[in-house]
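Spelled out, the chains give:
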Amino acid sequence: MKNNSSKVVFGRFLKFWRGVHHLSQEDLSDRLSSSPRHISRLENGNSRPSEVMVLDIARAMGLGRRDVTHLLIAAGYAPREERVDFNAPELKWLRKALMMNLRALDPFPASVVDSSANILMVNRGWVSFYSRIVSDEALASVTNFYDFIFSNSGPGNIVSDWPDTLSAILMSIQQTALFSGTDVANDTIERLQAYPNVPADWPQRAARTEPMASFRVQLDIDGELKRFFSVGTMMGALGPSAFASEPQLSIITMYPEDEAYTFGDASGQALAHPLLFY
């Protein structure tokens, strides 16, 4: 049986990249002001590198963001991903592709969110659907998916097993905070915990709840209770599941449990929202 401890996995990665760049152990050790013996111990799994050493090795071989991330994970360290501005000019192609995706999902309500659940784009189905539940003014001010569903004004006021759903979401963010230690993740946890809908025992509830890519929502639509599934689809680069390149984006879509239910044709409606771009 193969040994997959972090030391051995890192050694495989190190030997692979050294071969890609045609570097001997002596060549790499010279670049690192280290010794060939230490490089050999790293490759054989007899020694585990420090996080600083991993980053020095990555720099010495000129590895890109994806490969630095994989090298850190292989050594047992959390990946480092710099945030990318979704609205940057060089991502115009991505925004256009996502807008086409959102249009294709109409009339199902759909939105694009980033790794902090900030809502970046919505489709006409999203605006049409939620305008029947939330006032136009409140809907126009929505900027974060988590805040929307955790608040009383969002869809979280009548949802099946909602305390468990909120707990599972919080645990997902908490795990991210433990991995990364970033202020963004920790601040998000503190902010969301303050909502009155969050149960005090959310960590215990979350420990008993397996995470899923969707959750069930019950909403009062024109005086009648309707059930929906909110499904999240993550967009990422190829590679281990622990790696997702920035911007880390997901498309969250609402589907009816009753296939006979129709959202209606929103194409003829005069719809407006700051995040609706078509």
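Rules used in this analysis
Residues numbered from 1 in each chain as written. Predicted model: local features only at pLDDT ≥ 70, side-chain atom pairs only at ≥ 80, totals over all residues. Heavy atoms only, no water. Axes fitted to C-alpha atoms, helices over the stretch in contact; angles between N-to-C directions. Helix = DSSP H or I, 4+ residues; strand = E, 2+ residues; numbered from the N terminus. Parallel < 35°, antiparallel > 145°, perpendicular 65-115°, else oblique. Left-handed = near helix turned anticlockwise from the far one by under 90°. Contact = heavy atoms within 4.5 Å. Nonpolar A, V, L, I, M, F, W, Y, C, P; charged D, E, K, R; others polar. Salt bridge = Lys/Arg side-chain N within 4 Å of Asp/Glu carboxyl O. Pairing = 2+ DSSP bridges. Core = buried A, V, L, I, M, F, W, Y, C linked by side-chain atoms within 4.5 Å. Buried < 20%, exposed > 50% of the residue type's maximum accessible area, 1.4 Å probe, protein only.

(A) Inspection of the packing of helix H10 (residues 162–180) against helix H11 (residues 183–193) at higher detail. Close contact between H10 and H11 brings their axes to 8 Å; oriented N to C, the two are set at 155°. The pairing of H10 with H11 is recorded here as roughly antiparallel in orientation. Crossing hand, H10 versus H11: left-handed. Where H10 abuts H11, its residues Leu 170, Ile 173, Gln 174, Thr 176, Ala 177 and Ser 180 lie against Ala 185, Asn 186, Thr 188, Ile 189, Leu 192 and Gln 193. Across the contact of H10 with H11, the residue classes tally to six nonpolar, six polar and no charged.

(B) Region of the structure containing the pattern of salt bridges. Taken as a whole and judged by the stated rule, the model has six salt bridges. Here Asp 164 makes a salt bridge to Arg 205, at a shortest N to O gap of 2.9 Å. Placement of Asp 164 in helix H10 and of Arg 205 in helix H12 (residues 202–207) is noted, with a sequence separation of 41 residues between them. Each of Asp 164, Asp 201 and Arg 205 takes part in salt bridges that share partners, so that together they form one network.

(C) Region of the structure containing the packing of helix H2 (residues 25–32) against helix H3 (residues 36–43). Where H2 contacts H3, the two axes come as close as 8 Å, and the packing angle between them is 110°. In terms of orientation, H2 and H3 fall into the roughly perpendicular class. At the point where H2 passes H3, the crossing takes the right-handed sense. Where H2 approaches H3, its residues Gln 25, Glu 26, Leu 28, Ser 29 and Leu 32 are matched on the opposing element by Pro 36, Ile 39, Ser 40 and Glu 43. Here the residues of the contact of H2 with H3 are counted per class, giving four nonpolar, three polar and two charged.

(D) Local environment of the sheet that holds strand E3 (residues 214–221). Strands sit in the order E2-E1-E5-E4-E3 across an open sheet of five strands; the sheet is antiparallel. At either end of the open sheet lies a strand with only one pairing partner, and these are strand E2 (119–122) and E3. Direction aside, neighbouring strands of the sheet carry axes that sit 25° apart on average. Bridge count for E3 against strand E4 (residues 224–235) is eight bridges, and the pairing is antiparallel. Bridge pairing in E4 places Gln 218 opposite Arg 227. Of the strands in this sheet, strand E1 (110–113), E2, E4 and strand E5 (249–256) touch helix H6 (residues 92–105), which is tilted by about 5° from E5.

(E) Representation of the nonpolar core. In terms of nonpolar packing, the biggest core is built from 38 residues, with Ile 119, Trp 126, Phe 129, Leu 139, Phe 145, Phe 150 and Phe 228 touching the most fellow members. Where this core is concerned, the elements lending two or more residues are E2, helix H7 (124–130), helix H9 (145–150), H10, H11, E3 and E5. In this structure, Met 53, Ala 58, Ala 60 and Leu 71 belong to the second largest nonpolar core, which totals 23 residues.

(F) Region of the structure containing the environment of Ala 194. Within the element layout of this structure, Ala 194 appears in the loop between H11 and H12. With a relative accessible area of 62%, Ala 194 lands in the exposed category. Sequence separation between Ala 194 and Phe 150 is 44 residues; the distance between their C-alpha atoms is 9.6 Å.

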